[in-house]
Amino acid sequence: QVQLVESGGGLVQAGGSLRLSCVASGSISGISTMEWYRQIPGKTRDLVASIDHLGSTAYDSPVMDRFTISGDSIKGTVYLQMNDLKPEDTGVYYCRIDSATSRDSYWGQGTQVTVFS
């Protein structure tokens, strides 16, 4: 029973930084991509950043040049460094890890990020 455990969320003033962590409690074989999503109540859950097993990254436009995704697809760990945070970054952040071997996707429990001005 693989679980993804998230940490690092919190309350931060605009312009500040947070680092989110996501760690798989068990082994996930054949990881293809790892991602971070965020969701605002009443809104859809949107992709923020992704990294594939070769280290190629992609970002949603609003976080470009402010957020950095990193991780280890062998260990099943993924991180999101968030700098110059803005109120519009507020939401619940979820990590996801995708296995090409099993075609399963695993989700973290979510961690709240609140940015105030």
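Residues numbered from 1 in each chain as written. Predicted model: local features only at pLDDT ≥ 70, side-chain atom pairs only at ≥ 80, totals over all residues. Heavy atoms only, no water.

Chemist: How would you explain the nonpolar core if you had to name every residue and give the values?
Modeler: For soluble globular proteins, nonpolar side chains are generally found buried alongside one another. Judged by nonpolar contacts, the single largest core of 25 residues is most densely connected at W36, F67, V78, L80, M82 and Y93. Going through the elements one at a time, β3 (18–24), β4 (31–39), β5 (45–52), β7 (67–72), β8 (77–82), β9 (91–99) and β11 (111–116) are the ones with two or more residues in this core. At 4 residues, the largest contribution of residues to this core is made by β3. Those residues in contact with Y93, other than ones at most four positions away along the chain, are E6, L20, W36, Y37, R38, V48, F67, L80, M82, G110, T111 and V113. (Core = buried A, V, L, I, M, F, W, Y, C linked by side-chain atoms within 4.5 Å. Buried < 20%, exposed > 50% of the residue type's maximum accessible area, 1.4 Å probe, protein only. Helix = DSSP H or I, 4+ residues; strand = E, 2+ residues; numbered from the N terminus. Contact = heavy atoms within 4.5 Å.)

Chemist: Now, about the sheet that holds β7: what can you tell me, with residues and values included?
Modeler: Pairing is antiparallel across the open sheet formed by 4 strands, whose spatial order is β1-β3-β8-β7. A strand with exactly one partner marks an edge of an open sheet, and here the two such strands are β1 (4–7) and β7. For this sheet the average axis-to-axis angle between neighbouring strands, irrespective of direction, equals 15 degrees. Note: β1 against β3, 4 bridges, orientation antiparallel. Pairing of S7 across the sheet is with S21, part of β3. (Pairing = 2+ DSSP bridges. Axes fitted to C-alpha atoms, helices over the stretch in contact; angles between N-to-C directions.)

Chemist: Quick one: what's the story with the environment of S50, residue by residue and with numbers?
Modeler: On the secondary structure map, S50 appears in strand β5. S50 gets classed as buried once you look at its relative accessible area, which sits at 17%. Measuring from C-alpha to C-alpha, the distance between S50 and S61 comes to 13 Å, with 11 residues separating the pair along the chain. Sequence-distant contacts of S50, that is, excluding residues within four places in its chain, are made with M34, E35, S56, T57, A58 and I69.

Chemist: Requested: an account of the packing of aromatic side chains, with residues and values cited.
Modeler: Enumeration over the complete set of coordinates arrives at 2 aromatic pairs. When the centroid spacing of 5.0 Å and the interplanar angle of 55 degrees are considered together, the rings of Y37 and W107 count as tilted. Separated by 70 residues along the polypeptide, Y37 in strand β4 and W107 in strand β10 (residues 105–107) bring together distant segments of the chain. For W107, a relative accessible area of 35% translates into the label partly exposed. Plain terms: the ring middles of Y94 and W107 are 6.5 Å apart, the flat faces sit at 80 degrees to each other, and that makes the pair edge-to-face. (Phe/Tyr/Trp six-rings, centres within 6.5 Å; stacked < 30°, edge-to-face > 60°.)

Chemist: Before we move on, can you summarise the pattern of salt bridges with the specific residues and values?
Modeler: In total, this model carries 4 salt bridges according to the counting rule given. Note that R38 is salt-bridged to D89, the shortest N-O span being 2.9 Å. Pair noted here: R38 is in strand β4 and D89 is in the loop between β8 and β9, with a separation of 51 residues, a long-range link. For the residue pair R38 and D89, the accessibility class agrees, reading buried in each case. Its salt-bridge partner being R96, residue D98 comes within 2.9 Å of it at the nearest N-O pair. Of the residues examined, D98 reaches a relative accessible area of 8% and is grouped as buried. Put simply, E35, R96 and D98 are held in one network by salt bridges that share partners. (Salt bridge = Lys/Arg side-chain N within 4 Å of Asp/Glu carboxyl O.)

Chemist: Please provide a residue-by-residue account of unusual backbone geometry, values included.
Modeler: Located in the positive-phi region is D84, a residue other than glycine, with phi close to 50 degrees. Note on placement: D84 falls in the loop between β8 and β9. Positive phi, close to 65 degrees, is recorded for R103, a residue that is not glycine. Considering the arrangement of structural elements, one finds R103 in the loop between β9 and β10.

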